[in-house]
Amino acid sequence: MTDSTATAPTDGRTPILAVALLAMIAVLWGFNWPIMKIGLAEIPPWVFRAGASIVSCAGLFLISAVAGHSLRVPPGQWRAVILGGILNITFFNIFVAYGVTAMDAGRAGIIGYTMPLWATLIGTVVLKERLGPRAIAGLTVGLIGMALLFSVDAAVLTGSALGPLLVLAGAASWGAGTVVIKHARLTMPITVAVAWQHLIGVVPIAIVAVAWDWQHVGEWSLWPVMALLYNMLITGIICYWAYFKVVQMLPVVASTVGTLMVPVIGVFANQVIFGVTPHLVDYVALICVAVAVFLVVVRPRQS
């Protein structure tokens, strides 16, 4: 399949590529929550996000050029690309960067993925997408799974609400950005669209990083630098491209609920990296999210 605008098959089946991309996103983005916390332990948030997005932007433009894609934004699509860049890059990354420094990384991932709720609600209004019984059931079960994971974190429930609120704001921004891109029906290759979003979204981040946050930079050790590189190359290029490729291929509710596996992977990645042992409800939540993904993404054949 080429890197161009794609749509879901007319027979109602979910494309195999979409399922494969969702699985890849779940693993790579899931591990990024604790990885990002490692990086932010030594690298200031605005500097961290500016560095990651600048390199990701350059990489995406380079890939687009090598593939022979035109880097031009078609007439009438600038508004969506600019709004998508502000929502998906600027707001999401800064809210999450500050939020994850103030709370457990695994739980931050869970709150961040209330994004399907916002995307689905906005999508029903903007895109006029009807929620069928499977979509409603999948969304409900998936959010129950995240609520179970959230409930076991006493630090979040009894401590400062700033971290969770910041991540929640990032989730709402990401959900709105998803709907903007879906509604725009961009005709440019998705790699080019994501590259432009990175470029537009990183401008305000870079300005603040240079003008203010750079003064907070100290010495960087190996693992924070590796975390920054992971965000530059893996999440900033591969995951963003894959996510918006799926957004093109599936309805908003399917593409967003399909990513509910990310916070589950994030919880167990948090155990691997920080030694935070999952609770029984973590495993119950895993089943809930798996069922949600099946209900929404694996649509039955139409006779």
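For the structure itself, look to the data block above.
Notes on the structure in this doc start here. What you are looking at is a predicted structure, and each value in this text was computed from that prediction instead of being measured. (Residues numbered from 1 in each chain as written. Predicted model: local features only at pLDDT ≥ 70, side-chain atom pairs only at ≥ 80, totals over all residues. Heavy atoms only, no water.)

## A look at the overall build of the protein
Counting its secondary structure elements, the protein contains 13 helices and zero strands. Within the span of the protein, comprising 303 residues, buried residues form 54% of the whole. Split by element, the accessible area of the protein, about 12900 Å² in all, is 73% carbon and sulfur. (Helix = DSSP H or I, 4+ residues; strand = E, 2+ residues; numbered from the N terminus. Buried < 20%, exposed > 50% of the residue type's maximum accessible area, 1.4 Å probe, protein only. Areas by Shrake-Rupley, 256 points an atom, 1.4 Å probe, with all protein chains shown as cover.)

## Digging into the environment of A184
Relative to the helices and strands, A184 is located in helix α8 (residues 162-184). Between the C-alpha atom of A184 and that of G84, which follows or precedes it by 100 residues, the distance is 9.9 Å.

## A few points about the side chain of S64
As for its position among the elements, S64 is in helix α2 (residues 45-66). Beyond its immediate chain neighbours, meaning those up to four positions away, S64 contacts H69, L71, T191 and V192. (Contact = heavy atoms within 4.5 Å.)

## Some details on the nonpolar core
Ranked by internal contacts, the top residues of the largest apolar core, which has 84 residues, are W29, W33, Y113, W174, Y240, Y243 and F244. It is helix α10 (residues 222-249) that provides the largest number of residues to this core, a total of 13 residues. (Core = buried A, V, L, I, M, F, W, Y, C linked by side-chain atoms within 4.5 Å.)

## Description of the packing of aromatic side chains
Across all of its chains, the model carries 12 aromatic pairs by this definition. Centroid distance W174 to F244: 5.9 Å. Interplanar angle 40 degrees. Geometry classified as tilted. Taken together, the residues W174 in helix α8 and F244 in helix α10 connect sequence positions 70 residues apart. Both residues of the pair, W174 and F244, belong to the buried class. Between Y243 and F244 the ring centres are 5.0 Å apart and the planes differ by 80 degrees, which places this aromatic pair in the edge-to-face class. We classify F244 as buried; its relative accessible area is 1%. (Phe/Tyr/Trp six-rings, centres within 6.5 Å; stacked < 30°, edge-to-face > 60°.)

## Observations concerning α10
In an α-helix there are 3.6 residues to a turn, and that puts residues three or four apart on one side. Between the first and last C-alpha of α10 there are 38 Å, a value that for 28 residues agrees with the 40 Å anticipated at 1.5 Å per step. Roughly 35 degrees is the biggest bend found in α10, and it falls at N231. (Expected span 1.5 Å × (residues − 1). Bend = angle between axes of the 7 residues up to and from the residue.)

## With respect to a nonpolar patch on the surface
On the surface, L222, W223, M226 and L229 cluster together to form a nonpolar patch covering roughly 440 Å² of accessible area. Along the polypeptide, L229 turns up in helix α10. (Patch = residues over 30% accessible without salt bridge, like charges linked within 9 Å, V, L, I, M, F, W, Y side chains within 5 Å. Salt bridge = Lys/Arg side-chain N within 4 Å of Asp/Glu carboxyl O.)

## Here's the deal with the packing of α2 against α10
At a minimum axis separation of 8 Å, α2 and α10 run at an interaxial angle of 40 degrees. As far as their axial angle goes, α10 and α2 are oblique. As for how α2 packs across α10, the hand of that crossing is right-handed. Together, F48, R49, G51, A52, V55, S56, G59, L60 and I63 of α2 and A227, L228, N231, M232, L233, G236 and I237 of α10 make up the contact between the two elements. Broken down by class, the residue content of the contact of α2 with α10 amounts to 10 nonpolar, five polar and one charged. (Axes fitted to C-alpha atoms, helices over the stretch in contact; angles between N-to-C directions. Parallel < 35°, antiparallel > 145°, perpendicular 65-115°, else oblique. Left-handed = near helix turned anticlockwise from the far one by under 90°. Nonpolar A, V, L, I, M, F, W, Y, C, P; charged D, E, K, R; others polar.)

## Notes on helix α1 (residues 16-40)
If you check α1, its first and last C-alpha atoms are 36 Å apart, about what 25 residues at 1.5 Å a residue would give, namely 36 Å. Taking the largest bend as the criterion, α1 deviates by roughly 40 degrees, centred on W33, and proline P34 comes between one and four positions later.

## What to know about unusual backbone geometry
Positive phi, close to 50 degrees, is recorded for R185, a residue that is not glycine. Owing to a relative accessible area of 67%, R185 belongs among the exposed residues under this scheme.

## Points about the environment of M249
The topology assignment puts M249 in helix α10. Residue M249 is classed as buried on the basis of its relative accessible area, which comes to 1%. When the C-alpha positions of M249 and P15 are compared, they lie 7.7 Å apart, and in sequence the two are 234 residues distant.

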